[in-house]
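Letter by letter, the chains look like this.
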Amino acid sequence: MRGELTAKGKATRGRIVEGAAAVVRERGVGAATLEDVMARTRTSKSQLFHYFPDGKDELLLAVAQYEADQVLEDQQPYLGRLDTWQAWQQWRDAVVRRYEEQGDECPLGSLFLQVGRSTPGARAIVVELMRRWQESLAAGIRAQQSAGRLPRDLDVDARAAALLAGIQGGVGILLSTGQSAHLRAALDQGILDLRRAGGDPELRPR
């Protein structure tokens, strides 16, 4: 779609993308067709190509962006308020729950296989997702610094990057094996290391 959309146009495009995402989740990216999307969203072929003139690949990139946004949305409200250790635990539980429910099928990964992970559009989606995710984790660490629970000289960006890398590794193993033990371990160890860095009194022997 070229140019600015009206509010109605944005709503229609969003409805098409959400419908396409549902079709891809149900049928798989390889089996999903534009006809399936049109039937699900009750749109005509001319409407579909009005919003996605380059056809299926353009629509799949939009679905990939939707799924990337959903990765972060599924972690809310916890990801946006990591200002206590309880909040960190709630966030950890939300992440584990999200990926356990997803299982060994990753819609986002399948979409990137279809459109090509190295294509500029797909790569930009991944880069932006990881940037936003890491920045949210870094904001949570800084909130704990401001509350006096973490030292001021802690390397915030390195800690956030390590946590994100641990999650991605754990998710990768879950997708390969169907088991979430590594994801759980990465999150638990990452949070424990943070608490130890801050000398959390709850971790001291009684």
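One can find the structure itself at the top, above this paragraph.
Residues numbered from 1 in each chain as written. Predicted model: local features only at pLDDT ≥ 70, side-chain atom pairs only at ≥ 80, totals over all residues. Heavy atoms only, no water.

Draft legend 1. Representation of the overall build of the protein within the structure. Helix and strand content of the protein: nine helices and zero strands. Out of the 206 residues in the protein, the part that is buried amounts to 40%. Long-range pairs, those at least 24 residues apart, make up 66% of the contacts in the protein between residues at least 6 apart in sequence. In the form shown here, the protein has an accessible surface area of approximately 11100 Å², with 49% of it arising from carbon and sulfur atoms. Each charge sign in the protein was given a centre, from 28 positive and 27 negative side chains, and these centres are 2 Å apart. (Helix = DSSP H or I, 4+ residues; strand = E, 2+ residues; numbered from the N terminus. Buried < 20%, exposed > 50% of the residue type's maximum accessible area, 1.4 Å probe, protein only. Contact = heavy atoms within 4.5 Å. Areas by Shrake-Rupley, 256 points an atom, 1.4 Å probe, with all protein chains shown as cover. Lys, Arg positive; Asp, Glu negative; His and termini not counted. Charge placed at Lys NZ, Arg CZ, Asp CG, Glu CD.)

Draft legend 2. Local environment of the layout of surface pockets. Considering only enclosed or pocket space, the largest pocket measures out at about 340 Å³ in volume. Along its surface, the largest pocket is lined by 22 residues, and Cys-106, Leu-108, Gly-109, Gln-168 and Leu-175 are the ones closest to its centre. When residues of the lining of the largest pocket are traced back to their parent elements, those giving at least two are α4 (56–73), α5 (85–102), α6 (107–115), α7 (120–146) and α8 (156–177). Here the lining of the largest pocket is built from residues that sort into 13 nonpolar, five polar and four charged. (1 Å grid on protein atoms, 1.4 Å probe; cavity = no way out; pocket = protein on both sides within 12 Å on 5 of 7 lines; lining within 4 Å. Points joined across faces, edges and corners; volume = space filled by probe spheres on them. Nonpolar A, V, L, I, M, F, W, Y, C, P; charged D, E, K, R; others polar.)

Draft legend 3. Geometry of the side chain of Arg-92. Tracing the backbone shows Arg-92 in helix α5. Beyond its immediate sequence surroundings of up to four residues, Arg-92 is in contact with Arg-184, Leu-187, Asp-188 and Ile-191.

Draft legend 4. Quick look at the packing of aromatic side chains. This structure, assessed with the given rule, holds two aromatic pairs. Taking the centre distance of 6.3 Å and the plane angle of 50° together, the rings of Trp-85 and Trp-88 count as tilted. Linking Trp-85 with Trp-88, this pair stays in helix α5, spanning three residues, or about one helical turn. Per residue, the accessibility class of Trp-85 equals that of Trp-88, and both read buried. Between Trp-88 and Trp-91, the aromatic rings sit 5.6 Å apart at their centres with planes inclined by 85°, giving edge-to-face as the arrangement. Placement of the pair is Trp-88 and Trp-91 together in helix α5, with a separation of three residues, close to one helical turn. Taken individually, Trp-88 and Trp-91 each receive the classification buried, so the pair is uniform in this respect. (Phe/Tyr/Trp six-rings, centres within 6.5 Å; stacked < 30°, edge-to-face > 60°.)

Don't take any of this as a statement about function, it's just geometry.
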